[in-house]
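A structural walkthrough
Here are the chains, one letter per residue:
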Amino acid sequence: MFAHLKAAEAAEQIQNEQTVAFSGFTPAGAPKDVPKAIAARALALHTAGTPCQIGVVTGASTGKSLDGSLARAEAISFRTPYQNDPDLRKSINEGRTRFFDMHLSTLPQAVRYGFLGKVHWAVIEACDVSESGEITLTSSVGAAPTFCRVADRIIVELNRFHPAALRGLHDIYEPGDPPNRGPIPILHASDRIGATVVKVDPKKIFGIVETSAADEIGSFAETSETTARIGENVAEFLASELRQGLIPKSFLPIQSGVGDTANAVLNAMGKHPDVPTFDMYTEVIQDAVIALLKQGKVKFASGCSLTVSNPVLKDIYENLDFFRPRLLLRPQEITNSPEVVRRLGILSINTAIEVDIAGNVNSTHVLGRKMMNGIGGSADFARNAFLSIFTCPSTAKGGKISTIVPLVSHLDSSEHSVQIIITEQGVADLRRKSPAERAHEIIEHCAHPEYRGILRDYVALAGHGHSPQTLKAAFGLHLAFAKTGDMRTVNWKDDSSFPG
């Protein structure tokens, strides 16, 4: 019934200045062949002197075949809501690609509301598609259901790497839009509330491009001494809260960010004897989650994507009978829903680039200017969590950078949404504490010993008052790094070091 196309034939349909919404949440479930063909076509048109750039909307980051190929071809006019490709990041930071950051929970509704303009095409990776328009997604859901709803036309990239037996692993549910939005009926992490497939009018499907490309997810780094210590500190803190009766004895669902530190945290929780079995209600399901499911430490994992290494994904696919009752993939506006996060009482654990002595968190920018990836879903969870925890190593660049600073150079999650800071040095509990008390707690428990004296001197320079800050020197560590390449060279007494 549907036309079977080569990737290049599909790419020819997508015109300059159109907006294309791609499936995927991380490289999991992101199309591979069609975006590469769009990039090749753009390069050829640019060589001929013809403009070819598209707006790119995704669920979150994608793989090198999508963000990487399009960025290298200079084929992206704007990009949202999150990315982590080095070529795209370079283009963004050089001002060649317009990027606007968004909370991941708000992306699908912003698309439906029309805030991002018209969506001309949706390119969706699937493991199966029926003649009646039932699309079975692959290793993620992201915002694919909304993209299929609003796009004029749909191109399905049918990926044979993923088995059609995945049907049933997804829980497809879109909330109504105001003024007709009702409650999202999730009371437990394992509740299924939607359909197993994305249902579309088959007339919207322009054609099918077949491929068998694996997800472009690299392996995770081995746990380092630093990340292991951070993980141990998180696990012991949660166990302590449990012993004090500040967390229910039955424990609460865990949300964990993505990356090596997140894997280390989950591994440490799995090993801690006082941390009971728990559910995951999170965005990204990583290798550590799958290991904990197999060990019985995690009872159920609800997420938006299987962001796992390919050997782990292969293991899942070969053992679907075991994983099917223990895994569920949902749209990102459901996994990240503030309503559901608050109802379930999520224990939220995310990573920071830097934290200031008030507890404000910068998750996105280096030195306030250079975009790294984006805010992702961290604030969706942090603002609404039962407990909001942010982790980071105390230093970077071999000690030349302190991640604990007087004032963050960019603000993503304010002190009002941050309760606990954890580094390899220790734990800062910011609950019930004034700004001055927070500063002391963070400096003494989370800052690296080489920076504690420096930060104490800053607090003394700021003087007495409600918040220990002085505008003249608040970015002293950042300015010292910009000048010498080492924050430890800051001199609070040298007025010439600071403007104003």
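Up top is the structure these notes are about.
Worth saying up front: this structure is predicted, and the values here are computed from it rather than measured. (Residues numbered from 1 in each chain as written. Predicted model: local features only at pLDDT ≥ 70, side-chain atom pairs only at ≥ 80, totals over all residues. Heavy atoms only, no water.)

1. Some words on the environment of Val 234
Assignment of secondary structure puts Val 234 in helix H7 (residues 225-243). The spacing of Val 234 and Ala 264 is 30 residues in sequence and 9.9 Å in space, taken between C-alpha atoms. Excluding its chain neighbours within four sequence positions, the residues that come into contact with Val 234 are Val 265, Ile 349, Thr 391 and Ile 422. (Helix = DSSP H or I, 4+ residues; strand = E, 2+ residues; numbered from the N terminus. Contact = heavy atoms within 4.5 Å.)

2. Concerning the side chain of Ser 394
Tracing the backbone through its elements, the reader meets Ser 394 in the loop between strand S22 (387-391) and strand S23 (395-396). There is a polar contact of 2.5 Å between the side chain of Ser 394 and the side chain of Glu 424. In this view, Ser 394 contacts Ile 401, Ser 402, Thr 403, Ile 404, Thr 423, Glu 424, Gln 425, Cys 446, Ala 447 and His 448; residues no more than four positions away in its chain are not counted. (Polar contact = N/O pair within 3.5 Å; in protein donor to acceptor, adjacent residues only side chain to side chain.)

3. Digging into the sheet that holds strand S25 (residues 404-405)
Strand order in the open sheet formed by 3 strands is S19-S18-S25, with mixed pairing between adjacent strands. With partners counted over all chains shown, the strands left at the sheet margins are strand S19 (361-362) and S25, one partner each. For strand S18 (residues 354-356) and S25, the ladder comprises 2 bridges, and the chain directions are parallel. Among the inter-strand pairings, Asp 356 is bridged to a residue of S25, identified as Val 405. (Pairing = 2+ DSSP bridges.)

4. Quick look at the nonpolar core
One recurring pattern in soluble globular proteins is that nonpolar side chains are buried together. Ile 135, Leu 238, Phe 251, Ile 254, Met 269, Ile 316 and Leu 327 are the most contacted members of the largest nonpolar core, which has 75 residues in total. At 7 residues, the largest contribution of residues to this core is made by H7. Ranked by size, the runner-up nonpolar core spans 32 residues in total, among them Ile 421, Ile 442, Ile 443 and Ala 473. (Core = buried A, V, L, I, M, F, W, Y, C linked by side-chain atoms within 4.5 Å. Buried < 20%, exposed > 50% of the residue type's maximum accessible area, 1.4 Å probe, protein only.)

5. Some remarks on the packing of aromatic side chains
We describe a pair of aromatic rings using the distance from one ring centre to the other and the angle between the two ring planes. Overall, the coordinates contain 6 aromatic pairs when judged by the stated rule. With 5.2 Å between their ring centres and 70° between their planes, Tyr 113 and Phe 115 make a pair best called edge-to-face. On the basis of an interplanar angle of 90° and a centroid distance of 5.6 Å, the ring pair of Trp 121 and Phe 206 is categorised as edge-to-face. Separated by 85 residues along the polypeptide, Trp 121 in strand S6 (residues 121-129) and Phe 206 in strand S10 (residues 205-211) bring together distant segments of the chain. The lysine or arginine in question, Arg 326, covers the ring of Phe 322, its NZ or CZ lying 4.0 Å from the ring centre. (Phe/Tyr/Trp six-rings, centres within 6.5 Å; stacked < 30°, edge-to-face > 60°. Lys NZ or Arg CZ within 6 Å of the ring centre and 35° of its normal.)

6. Things to note about unusual backbone geometry
A cis geometry characterises the amide bond from Thr 80 onward to Pro 81, with omega recorded as 5°. Residue position: Pro 81 is located in the loop between strand S4 (76-80) and helix H4 (86-93). Of note, the bond from Pro 178 into Pro 179 is cis; its omega dihedral lies within 30 degrees of zero at 10°. Phi is positive for Glu 74, close to 50°, though the residue is something other than glycine. With respect to the element layout, Glu 74 can be found in the loop between helix H3 (64-72) and S4. The exposure class assigned to Glu 74 is partly exposed, which follows from its relative accessible area of 44%. Although it is not a glycine, Phe 251 sits at a positive phi angle of roughly 70°.

7. Let's talk about helix H2 (residues 33-47)
Here H2 spans 21 Å end to end across 15 residues, near enough to the 21 Å set by a 1.5 Å rise per residue. In the segment just after H2, Gly 49 is the residue with positive phi, at about 85°. (Expected span 1.5 Å × (residues − 1).)

8. Remarks on the pairing of strand S8 (residues 153-159)
If a strand is regular, its side chains alternate between the two faces of the sheet. With 6 of 7 residues buried, S8 is to be regarded as a mostly interior element. Here S8 runs beside S10; their pairing, made up of 6 bridges, is parallel. Considered in S10, the bridge of Asn 159 is made with Thr 211.

9. Observations regarding the packing of helix H8 (residues 260-271) against helix H9 (residues 287-295)
Viewed as axis vectors pointing N to C, H8 and H9 meet at an angle of 20°, and their least axial separation amounts to 8 Å. Taken together, the axes of H8 and H9 lie roughly parallel to each other. Viewed along their axes, H8 and H9 form a crossing whose handedness is right-handed. Across from Asn 263, Leu 266, Asn 267 and Gly 270 in H8, the residues of H9 making contact are Asp 287, Ala 288, Val 289 and Leu 292. Considered class by class, the residues forming the contact of H8 with H9 number 4 nonpolar, 3 polar and 1 charged. (Axes fitted to C-alpha atoms, helices over the stretch in contact; angles between N-to-C directions. Parallel < 35°, antiparallel > 145°, perpendicular 65-115°, else oblique. Left-handed = near helix turned anticlockwise from the far one by under 90°. Nonpolar A, V, L, I, M, F, W, Y, C, P; charged D, E, K, R; others polar.)

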